[in-house]
Amino acid sequence: AQSVTQLGSHVSVSEGALVLLRCNYSSSVPPYLFWYVQYPNQGLQLLLKYTTGATLVKGINGFEAEFKKSETSFHLTKPSAHMSDAAEYFCADLNAGKSTFGDGTTLTVKP
Amino acid sequence: GAVVSQHPSRVICKSGTSVKIECRSLDFQATTMFWYRQFPKKSLMLMATSNEGSKATYEQGVEKDKFLINHASLTLSTLTVTSAHPEDSSFYICSARGGTGDVETQYFGPGTRLLVL
């Protein structure tokens, strides 16, 4: 069975601090991993994705994530948080015809 | 990036009536479209997957007679909530997949807020 686990439903950081949002997956086939961001009452916006190739992927707004097969992880990072980064973040595995989303992590950025 | 639109963005209806939500891929042909439901502070729940010209595949526990999905063209899918009840109130989000050279990525619409009174 395919699953995605986001550790920490709420993460709070200070403006300018490192952002780390954790995502672990479980899949019997190679995963296609995505990070999406959702602002209140809006749809999901694609941040970045990993399907094949380079394991360190860069996305929009300064975010990046590294696919680590040995750790079955795909954590999202940003070196310096901005107030506008406050939102809900979802990790997803969209391979093998299945859409599996994590429960989401709410990122709060303190001034 | 690819753009997906949804209409309406917000709808209020009376219990027992039907509501249709449209999902369009504006700048690419979507071979597959997905319909999700999102409850407050919760993740997305996949309701069904539809491929153009064929019947939708519903997830377990989703009533196909209540949530009618039509994918009549490569750019349009509709979700009709039939005989809506207050418990159907939710945020419905569609996504589309199939852009040239980017067949894995799902692009999401802005969502439709349904309130059934």
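What counts and what doesn't
Residues numbered from 1 in each chain as written. Chains lettered and ligands numbered in written order. Predicted model: local features only at pLDDT ≥ 70, side-chain atom pairs only at ≥ 80, totals over all residues. Heavy atoms only, no water. Helix = DSSP H or I, 4+ residues; strand = E, 2+ residues; numbered from the N terminus. Rg over C-alpha atoms; globule rule 2.2 N^0.38 Å. Buried < 20%, exposed > 50% of the residue type's maximum accessible area, 1.4 Å probe, protein only. Contact = heavy atoms within 4.5 Å. Buried area = accessible area lost by both parts, 1.4 Å probe. Salt bridge = Lys/Arg side-chain N within 4 Å of Asp/Glu carboxyl O. Polar contact = N/O pair within 3.5 Å; in protein donor to acceptor, adjacent residues only side chain to side chain. Nonpolar A, V, L, I, M, F, W, Y, C, P; charged D, E, K, R; others polar. Phe/Tyr/Trp six-rings, centres within 6.5 Å; stacked < 30°, edge-to-face > 60°.

1. Thoughts on the overall build of chain A
Working step 1: Within chain A one finds 0 helices and 12 strands.
Working step 2: In sequence order, chain A lays out its α and β elements as β-β-β-β-β-β-β-β-β-β-β-β.
Working step 3: Its C-alpha atoms give chain A a radius of gyration of 13 Å, within 12% of the compact-globule value 13 Å for 111 residues.
Working step 4: Per-residue burial for chain A yields a buried fraction of 46% across its 111 residues.
Working step 5: If you take every contact in chain A between residues at least 6 apart in sequence, the share linking residues at least 24 apart comes to 55%.

2. Observations regarding the interface of chain A and chain B
Working step 1: With 18 residues of chain A in contact, the opposing surface of chain B contributes 20 residues.
Working step 2: Buried area between chain A and chain B, summed over both chains or domains, comes out near 1400 Å², and the portion from carbon and sulfur atoms is 51%.
Working step 3: The tally of links from chain A across to chain B stands at 0 salt bridges.
Working step 4: If you look at where chain A meets chain B, you find 8 residue pairs in polar contact (both at pLDDT 80 or more).
Working step 5: The set of elements that each furnish at least two residues to the side of chain A that touches chain B consists of strand S5 (33–38) and strand S6 (44–50) of chain A.
Working step 6: Along the lines of polarity and charge, the residues of the side of chain A that touches chain B split into 8 nonpolar, 7 polar and 3 charged.

3. Points about the environment of B:Ala56
Working step 1: Here B:Ala56 lies in the loop between strand S5 (44–51) and strand S6 (57–58).
Working step 2: The sequence separation of B:Ala56 and B:Phe91 amounts to 35 residues, and the corresponding C-alpha distance is 20 Å.

4. Focus on the packing of aromatic side chains
Two descriptors summarise a pair of aromatic rings, namely the distance from one centre to the other and the angle between the planes of the rings.
Working step 1: Scanning the model with the defined rule gives 12 aromatic pairs over all chains in all.
Working step 2: Relative to A:Phe101, the ring of A:Tyr36 lies with its centre 6.2 Å away and its plane at 35°, an arrangement referred to as tilted. Note that A:Tyr36 is positioned in strand S5 and A:Phe101 in strand S11 (residues 100–101), a separation of 65 residues in sequence. Neither residue differs from the other here; A:Tyr36 and A:Phe101 are each classed as buried.
Working step 3: Clustering of aromatic rings is evident, with ring pairs tying together A:Phe34, A:Tyr36, A:Phe101, B:Phe34, B:Tyr36 and B:Phe108.

5. So, the pattern of salt bridges
All names here are of chain B.
Working step 1: Scanning the model with the defined rule gives 4 salt bridges over all chains in all.
Working step 2: Here Glu22 ties to Arg24 by a salt bridge, and the two come within 3.5 Å at their closest N and O atoms.
Working step 3: A salt bridge links Asp88 to Lys66, with the nearest nitrogen and oxygen atoms 2.8 Å apart. Taken together, the residues span a long stretch of sequence, with Asp88 in the loop between strand S8 (76–81) and strand S9 (90–99) and Lys66 in the loop between S6 and strand S7 (67–73) at a distance of 22 residues.

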